[in-house]
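The lines below spell out each chain.
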Amino acid sequence: MITTEVRVDHESAVAHAVSVTRQAAHALGLASLLTERAAVAASELASNIAKHTHGGALLVQPEPAGGLELLAVDHGPGMDDVARCLTDGYSSAGTLGSGLGAVRRLATTFGIFSHPRRGTAIFARFREAPAPARAGTLRLPALGQDSSGDAFVLTETADATVALVVDGLGRGADAARASRAATGSFLSDPERPLPLAMAAIHDALRHSRGAVAALVRLPRGAAEAEFCGVGSVSAAILYGGSPPKLLTPQPGTLGLRIPPPRLQTVPLPAGATVVVHSDGIAQSWLRTASDWMFTQAPPLLVGLLARDHRRLRDDATVVALRERGA
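About the criteria used
Residues numbered from 1 in each chain as written. Predicted model: local features only at pLDDT ≥ 70, side-chain atom pairs only at ≥ 80, totals over all residues. Heavy atoms only, no water. Helix = DSSP H or I, 4+ residues; strand = E, 2+ residues; numbered from the N terminus. Rg over C-alpha atoms; globule rule 2.2 N^0.38 Å. Buried < 20%, exposed > 50% of the residue type's maximum accessible area, 1.4 Å probe, protein only. Contact = heavy atoms within 4.5 Å. Lys, Arg positive; Asp, Glu negative; His and termini not counted. Charge placed at Lys NZ, Arg CZ, Asp CG, Glu CD. Pairing = 2+ DSSP bridges. Axes fitted to C-alpha atoms, helices over the stretch in contact; angles between N-to-C directions. Core = buried A, V, L, I, M, F, W, Y, C linked by side-chain atoms within 4.5 Å. Phe/Tyr/Trp six-rings, centres within 6.5 Å; stacked < 30°, edge-to-face > 60°. Salt bridge = Lys/Arg side-chain N within 4 Å of Asp/Glu carboxyl O.

Of regular secondary structure, the protein chain possesses nine helices and 15 strands. Here the C-alpha atoms of the protein chain give a radius of gyration of 19 Å, agreeing with the 20 Å that 2.2 N^0.38 yields for 326 residues. Projected onto its principal axes, the C-alpha coordinates of the protein chain cover approximately 65 × 40 × 35 Å. Across the 326 residues of the protein chain, 55% fall into the buried class. Restricting the contact set of the protein chain to residue pairs at least 6 apart, pairs at least 24 apart contribute 66%. The protein chain carries 31 positive and 29 negative side-chain charges, and their two centres are separated by 2 Å.

Take a look at the structure:
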C-alpha cells in the first residue's frame, strides 16, 4: 500500500480526506472503532489546514507497527505555544478550538512539530496498542500517479532492525516489478549479512529493468549501524547538533552490473536517527536543512522531508529509524 496524498487548499478537501482515510482503514483491516477515530482525526487535521494555512497536505498510509497513520504537513503560520493549542477550548480562529486536543485523544500515538516560521507537522497513529514512534516511513508516487516504482521493507530479526529501500529504474509497471523482486529476495532470508542480501537481490534482478537499493541494519544493544548500498540512494545518520554522517553507496545498478557489495559500519550514538531515501527526495536537504529538523521524531522527520525536499515528478520513499537508546 502506497502513501496517499490529499492536497488541502480548500474546505471541500476535508470530505475527501475523510473518505480516503476510511478506505485505507478498511484496506488495512482496522477495527470499526479505530476507523471512526481515524476518520474524525482526518476531518480535524484537514480542517485545520484549510482554515489556518494557504495549503498543505494530509498523508494517509500504513504505519510501521501495523496500523494506520495520518501525517499532516503545511507551511502555515505555525504555533507559538503548542501546549496551549492542544488545550480544549483554545482557538485562534473563533472556533470551538477542540480540534488538535481531540486528535491527540483519539490517536493511539500522537506527535507534533510547529514553529511560527517553519510551519507544522503532525502525526496520528491508530492501532490496537501504543508503540514507540521509533520508525517513520513514506512511499509517495510521482505527482498524478497511483503506483510507485519504489518499495521498502522494515523488519525485525532476532537481533536487529533491518530496513531496505529500493528504487526500480524509471517509473511504471517495469520499475514496480523490479522493486517487488528485490523485496521478495530480501524477505526470503532477512537475517543474511547485508552484502550477501544485496548480492542475492542483484541475482534476482538480472532479467529485470534493474534497480538501486540500500540496506541498513541496527543491531539491538550495539553502538554501530551497518550499511550496504548500490546506486543513487541516500543515507545519513543524524545526531543532535552534529553534522549529518553520510553513508556512501557503491556505484552500479542491481541486476546489471555492480562491484562486490561492501559493508560499511559506522558509530551509532544513543538517540541517533538513520535516514534512508530514494532520489525522489533531493539530497540537498543534507546541506540545507537545519538542526531543528534532525531532532524530530521519525514520523515527523519523514513528513518534513517530503514537504520541503520532494521531487514531485519522481517516486519518493523515505525510512527513518531512531536508535533504541532514545
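There is more to say after this.
Of note, Ser-179 is situated in helix H5 (residues 173–187). Exposure remark for Ser-179: the relative accessible area of 2% places this residue in the buried category.

Let us now look at the sheet that holds strand E3 (residues 68–74). Pairing is antiparallel across the open sheet formed by five strands, whose spatial order is E1-E2-E3-E5-E4. Edge strands, defined here as strands with exactly one partner in the open sheet, are strand E1 (4–8) and strand E4 (109–115). Taken pair by pair, the neighbouring strands of this sheet meet at an average axis angle of 10 degrees, ignoring direction. Two strands pair when backbone bridges link them, and E3 and strand E5 (residues 119–126) are joined in this way by seven bridges, in the antiparallel orientation. Note that in E5 the partner of Asp-74 across the bridge is Thr-120. Of the strands in this sheet, E4 and E5 are in contact with helix H4 (residues 99–106), which crosses E4 at around 150 degrees. Contacting E3, E4 and E5, helix H9 (residues 298–309) crosses the sheet at an angle of about 130 degrees to E5.

With that settled, the discussion passes to the nonpolar core. Among soluble globular proteins, nonpolar side chains are generally buried collectively. Of all hydrophobic cores here, the largest spans 30 residues; its most connected members are Leu-45, Leu-58, Val-60, Leu-68, Leu-70, Phe-110 and Phe-126. Of all the secondary-structure elements, those providing two or more residues to this core are E1, helix H1 (13–27), helix H2 (32–52), strand E2 (56–62), E3, H4 and E5.

With that settled, consider the packing of aromatic side chains. Evaluation of the coordinates by the stated rule reveals two aromatic pairs. A ring pair is formed by Phe-113 and Trp-292, whose centres lie 4.9 Å apart and whose planes are at 10 degrees; its orientation type is stacked. Note that Phe-113 is positioned in strand E4 and Trp-292 in helix H8 (residues 291–294), a separation of 179 residues in sequence. This pair shows no difference in class: Phe-113 is buried, exactly as Trp-292 is. The interplanar angle of 75 degrees and the centroid separation of 6.2 Å between the aromatic rings of Trp-285 and Phe-294 together place this pair among those described as edge-to-face. Assigned by exposure class, Trp-285 and Phe-294 land together as buried.

Let us look at the pattern of salt bridges. Any two side chains of opposite charge can pair, on the condition that their charged atoms come close. Enumeration according to the criterion identifies 14 salt bridges in this entry. Glu-63 is the partner of Arg-127 in a salt bridge, and the nearest nitrogen-oxygen pair spans 2.9 Å. Of this pair, Arg-127 sits in the loop between E5 and strand E6 (135–140) while Glu-63 sits in the loop between E2 and E3, and the two are 64 residues apart along the sequence. You'll find Arg-127 and Glu-63 in the same group, each marked buried. Among the salt bridges present, the one from Asp-203 reaches Arg-206, with a minimum N-O distance of 3.1 Å. Using a relative accessible area of 46% as the deciding quantity, one classes Asp-203 as partly exposed. Residue class for Arg-206 comes out partly exposed when judged on its relative accessible area of 43%. Residues joined by salt bridges that share partners form a network here, namely Glu-63, Glu-69, Arg-125 and Arg-127.

We now examine the sheet that holds strand E12 (residues 245–247). The five strands lie next to each other as E6-E15-E14-E11-E12, forming an open sheet whose pairing is antiparallel. Each of the sheet's edge strands pairs with one partner strand only, and the pair in question is E6 and E12. Neighbouring strand axes in the sheet, compared pairwise and without regard to direction, differ in orientation by 15 degrees on average. Bridge count for strand E11 (residues 234–238) against E12 is three bridges, and the pairing is antiparallel. Pairing of Ile-237 across the sheet is with Lys-245, part of E12. H9 rests against E6, E11, strand E14 (273–277) and strand E15 (316–322) of the sheet, and its axis sits at about 30 degrees to E6.

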